Amino acid sequence: MIIMKNKAVTISYVLRDSAGTLIEQTTPDNPLAFLFGVGGMLPDFEANLLGMQQKETFDFHIKSDRAYGEVDKSAVVDLPIQTFVFDDKLATEMLVVGKMIPMRNDQNQLIHGKIVEVKKDTVKMDFNHPLAGIDLHFTGEVLEVRNATEDELAHGHVHGPGGHHH
Ligand SMILES: [Zn+2]
């Protein structure tokens, strides 16, 4: 069976940047399982896997402009330190440089910002995607290709090992 739309695909992969620095990798216990062709993955990621079969290996690059975009300087903002005051208490445990903080934007969407710098009255936060500006290099192996179940197609995601549990 080959990888195409509406197949449940399980892969192992290693993601590095263009300098070869490890960004993330799956483990044998926790591979990536996803429903192919439903918009959950980067289009170029799927384009590189289309037509592959179980046990085939892959090695491809995706430039940042085709992945998570360039770094947007306007997405780095200074927030008043009061943003981090809850019940009259400054949440100092949150204010650690490098820490990712879930927040809500003007449209009440959940977004994640990284603490860049903590000053007396403000906190500099970076709301760019962690992979913005990074050229991606994927290597890995196709572990399984199967027909998605009706439940999986209805839910838009894969169930079982590497997928959703509910
Ligand atoms: Zn589900």
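The rules we used
Residues numbered from 1 in each chain as written. Predicted model: local features only at pLDDT ≥ 70, side-chain atom pairs only at ≥ 80, totals over all residues. Helix = DSSP H or I, 4+ residues; strand = E, 2+ residues; numbered from the N terminus. Rg over C-alpha atoms; globule rule 2.2 N^0.38 Å. Buried ≥ 20, exposed ≤ 12 C-beta atoms within 10 Å, placed from the backbone. Contact = placed C-beta atoms within 7 Å. Domains from an automatic or database assignment. Core = buried A, V, L, I, M, F, W, Y, C linked by C-beta atoms within 7 Å. Pairing = 2+ DSSP bridges. Axes fitted to C-alpha atoms, helices over the stretch in contact; angles between N-to-C directions.

Draft legend 1. Geometry of the overall build of the chain. Within the chain one finds 2 helices and 11 strands. If you list the helices and strands of the chain from N to C, you get β-β-β-α-β-β-β-β-β-β-β-β-α. A compact globule built from 166 residues should have a C-alpha radius of gyration of about 15 Å, whereas the chain, at 19 Å, is more than 25% larger. The principal-axis extents of the C-alpha atoms in the chain amount to approximately 60 × 40 × 30 Å. Expressed as a percentage of its 166 residues, the buried residues of the chain come to 14%. Sequence separation of 24 or more characterises 63% of the internal contacts of the chain that already satisfy a separation of 6 or more.

Draft legend 2. Quick look at the domain arrangement of the chain. Domain parsing of the chain yields domain 1 (7-68 + 132-155) and domain 2 (73-126). Computed over C-alpha atoms, the centres of domain 1 and domain 2 are 32 Å apart.

Draft legend 3. View of unusual backbone geometry. If you check the backbone angles, K55 has positive phi at about 80° while not being a glycine. At D88, a position not held by glycine, the phi torsion is positive, near 65°. Looking at the element boundaries, D88 is found in the loop between strand 6 (85-86) and strand 7 (89-90).

Draft legend 4. Looking closely at the nonpolar core. Core analysis: the biggest nonpolar cluster contains 12 residues, these being I3, A8, V9, I11, A33, F34, L35, L49, V142, V145, A148 and V158. Apart from residues lying up to four places away in sequence, A8 is in contact with A33, L35, R146, A148, E152 and V158.

Draft legend 5. Just the environment of E141, in detail. Here E141 is to be found in strand 11 (residues 136-147). Spatially, the C-alpha atom of E141 lies 5.7 Å from that of E56, the residues being 85 residues apart in sequence. The residues contacting E141, other than those within four sequence positions of it, are I11, S12, K55 and T57.

Draft legend 6. Quick peek at the sheet that holds strand 5 (residues 76-80). With antiparallel pairing, the 4 strands of this open sheet are ordered in space as 5-10-9-8. In this open sheet, the two strands that pair with only one neighbour each are strand 5 and strand 8 (100-104). The mean angle between the axes of side-by-side strands here comes to 45°, regardless of whether they run parallel or antiparallel. Bridge count between strand 9 (residues 110-118) and strand 10 (residues 122-126): 4 bridges; the pairing is antiparallel.

Draft legend 7. Seen up close, the environment of F45. With respect to the element layout, F45 can be found in helix 1 (residues 43-49). As a C-alpha pair, F45 and R66 span 21 residues in sequence and 9.5 Å in three-dimensional space.

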